[in-house]
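Chain residues, written in single-letter form:
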Amino acid sequence: MARARTVHGVSVSPGLAIGPVHVVQAAPDAAPTWSVAEGDVAAEIERLRHAVEVASEQLARRQQLVARESSERDAQIFAVHRMILADAGATREVEDTIRGERVNAETAVHQLIARLERTLRGLEGNSVRSYSADLADPWREVLQALLNVTPILPQGSADKVVLAAAVLTPQVVTAVERGRLAAVVAEVGGRFSHAAVLARAFGVPCVVGLPGLLTRLEQGMTVAVDGGRGVVELRPDPQQVAEFHQRRSRLEARRASLSEQADLPAQTADGVRKGVLVNIESVHDFEIFDVRQSDGVGLLRTEFLYMERPQFPSEDEQFRMYRRVLERMAPKPLTLRTIDIGGDKRLSYFQTPHEVNPALGWRGIRVCLEWQDLLRVQLRAALRAGFGNELRLLLPMVGSLEEILAVRKIFDGVRDSLVEQGFEVESDTPVGVMVEVPSVLFTLERIVREVDFLSVGTNDLVQYILAADRDNPWVAKLYEPHHPAVLRALADIARVANAAGTPCAVCGDMADDPATALLLFGMGFDSVSVAPYFLPEIKSALRRTTLADARRLAVDALAQDTVEGAKRVLSSIRDALNGA
Ligand code: PEP
Ligand code: MG
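Scoring rules and cut-offs
- Per chain, the residues get numbers from 1 upward, laid out in the order the sequence is written.
- Chains and ligands are labelled by the order in which they are written, letters from A for the one and numbers from 1 for the other.
- Only residues with pLDDT of at least 70 get local features here, since the model is predicted, and only at 80 or more are side-chain atom pairs given and counted; chain-wide, interface and lining totals rely on the full set of residues.
- To obtain the side-chain values, all non-hydrogen atoms of the structure were included, while hydrogens and water were left out.
- Here a helix means four or more residues in a row that DSSP labels H or I, a strand means two or more in a row labelled E, and each is numbered from the N terminus.
- For this analysis, residues touch if any pair of their heavy atoms sits within 4.5 Å.
- We define proximity as follows: a residue is near a molecule or strand when any one of its heavy atoms falls within 4 Å of that partner.
- Two N or O atoms count as a polar contact when they lie within 3.5 Å, although within protein this holds only if one can serve as hydrogen donor and the other as acceptor, and sequence-adjacent residues are included solely when both atoms are side-chain atoms.
- Polarity classes work like this: nonpolar for Ala, Val, Leu, Ile, Met, Phe, Trp, Tyr, Cys and Pro, charged for Asp, Glu, Lys and Arg, and polar for all others, with Gly in that last group.
- Only N, O and S atoms count as donors, using a 2.8 Å cut-off from the metal and 3.2 Å for Na, K and Ca, and because water is excluded some sites may appear unfinished.
- Relative accessibility decides the category of a residue: with a 1.4 Å probe and only protein chains considered, values under 20% of the type maximum give buried, values over 50% give exposed, and everything between is partly exposed.
- In this description, strands pair whenever DSSP reports at least two bridges between them.
- Domain extents, as shown, originate in an automatic or database domain assignment.
- What gets called buried area is simply the loss in accessible area from a 1.4 Å probe that two parts show on being joined, summed for both.
- Whenever a carboxyl oxygen of Asp or Glu lies within 4 Å of a side-chain nitrogen of Lys or Arg, that contact is scored as a salt bridge.

## Examining the environment of R82
- Mapped onto the secondary structure, R82 falls in helix 2 (residues 72-86).
- Excluding anything up to four places from it in sequence, R82 contacts S56, L59, A60 and Q63.

Here it is in structure tokens:
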């Protein structure tokens, strides 16, 4: 038996898991590749044809949408794309590849796209080149359709799997259903990227920063992942497996005892009430976690509802989903964030422009203010579901007062038209904004007068303050939530909000560290909202700390001029908590 090997990386999400590895992406943007047995070739070709049909329907839907929202002229491009898909020549080429090379449909489509792109690079002149790009685009749609409908795991294998990839992306984390996901490991990835947020939200261990890992893996080989320490054990021997299981039992026992206490109120040792809420993506979170131990949902990321589907969810579909979550949470509040797409959160059926710098691009409320029907439909569904429930609305990526006023106007229009149509709606649904674009910091005194609450999205705020893309592994070292500039910005937000009497929370992932959560309470934040996995630990830390201690922690951390200094202060609190 080959010797076990230990690989050290960077912790993204804690927890211990062991299982067979399944490589889902050997290179960034690569399609999964497997070989197809001779007897399965016909079925694979059938799968391809079905995907072409699905893609063509998606294009037709998009054509209608653009015609309605924009103009018939803008929508024509989708008609052209559908004609391209109807061309038998290209389909034959892909089918020949499947037959000749005995590879899956994704690989064959990928080869066609690569050939079209090579042709494109060889062409002269912009217009010819963009025409050539149009030839490849519809096939990307087919690839997407294949990826959406394809179970990537071999049928029949019952084990949970450890997914491995070159780069940590949301597609990788969601490549298998949650129930079959043991852990995720990737050669590169950002600790606060959207994919990392997802791994923590799912409560699965995740490690990145493992250069060359994929060359050392074989499909199906056993690996043990220690997410908290950022360690991956390749081919552990029986003794190591036994030790790993023992550690996991100890961890589970500890979490069970913390969870028993987690029903108690979130308050400091001296009885000051604070809020510990949860960030969730869907109603499934209620099945996996004890979400009701929280003070409410501080962030429902609704974009995942859109990302999971092959087309825009209808108003009624959204209404039913929001209603279910509100009812499961009642009488505690639910903070519904309006759709925050853009960047790496893309919808396969909604063509957004290819942006050179998506983090600074068309995201969140910027998309909704341009495609206002997207927002209107969502607000209608939310307001209908919110009747008789504790609904709050939260707007992502707001950068200016004008944007807030524009959304308020749309919101009032939606409410009036619902009332006209005979729907019952609340008259005072609170509307808050995410503080995640730095311009808001400098205009906060004015902005707090227009909103009912603030929720700081540190995942984005940190990237924008430090000019370090949260999804770019090459600047992951520069992305430092405990940077003195970030800590001072956070303290300022709490100060301005407290002075105005506006409730303020932090819902970015830095708050899922108990010591950092205490620091935020000490700065003056009323609540934190974290992935459910972290809730018991944070409540326990809060209940063992006085408000005066938390304030002293904030003063000490804010006095530091370096990240190292702030981290030292936080580790002393961690030691105190662990020793207590
Ligand atoms: C954030 O930016 O901190 C946040 C909570 O939102 P998201 O991670 O979805 O961008
Ligand atoms: Mg954000």
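## Looking at the site of ligand 1
- Taken together, 16 residues surround ligand 1, and among them R301, R337, G457, N459 and R470 come closest.
- Take T458: an N or O atom from its main chain is 3.1 Å from an oxygen atom of ligand 1.
- Taking N459, its main chain carries an N or O atom lying 2.7 Å from an oxygen atom of ligand 1.
- For the shell around ligand 1, the element with the most residues is helix 17 (residues 458-466), which contributes three residues.
- When the residues that make up the shell around ligand 1 are grouped by side-chain class, the tally is three nonpolar, five polar and eight charged.

## Points about the coordination of the magnesium ion (ligand 2)
- Looking at the magnesium ion (ligand 2), the protein donor atoms are E436 (OE) and D460 (OD), and they sit 2.0 to 2.2 Å from it. A residue pair is termed long-range when its members are at least 10 positions apart, and E436 in the loop between strand 13 (431-435) and helix 15 (439-442) and D460 in helix 17 qualify at 24 residues. Comparing E436 with D460, the two get one shared label, buried.

## Observations regarding the pairing of strand 10 (residues 297-301)
- Among the five residues that make up strand 10, five are buried, leaving the element largely enclosed by the rest of the structure.
- Here strand 9 (residues 275-280) pairs with strand 10 via three bridges, running parallel. Each bridged residue has a counterpart across the sheet, and for I280 the counterpart in strand 10 is L300.
- Pairing of strand 10 with strand 11 (residues 334-337) involves three bridges; the strand directions are parallel.

## Details of the domain arrangement of the protein chain
- When the domains of the protein chain are assigned, the result is domain 1 (5-24 + 156-254), domain 2 (38-148) and domain 3 (261-579).
- Placing a centre on the C-alpha atoms of domain 1 and another on those of domain 3 gives a separation of 27 Å.
- Between domain 1 and domain 3, the contact holds 19 residues from the first and 24 residues from the second.
- With both chains or domains summed, domain 1 and domain 3 bury close to 1,900 Å², and 59% of this area falls on carbon and sulfur atoms.
- For domain 1, the biggest contributors to the area lost against domain 3 are R178, F192 and H194; these three give 37% of the whole.
- Our enumeration of links across domain 1 and domain 3 arrives at four salt bridges.
- Measuring nitrogen to oxygen at the nearest pair gives 3.1 Å for the salt bridge that ties D512 to R200.
- Of all the elements in the fold, those that place two or more residues in the side of domain 1 that touches domain 3 are helix 7 (194-202) and helix 8 (238-261).

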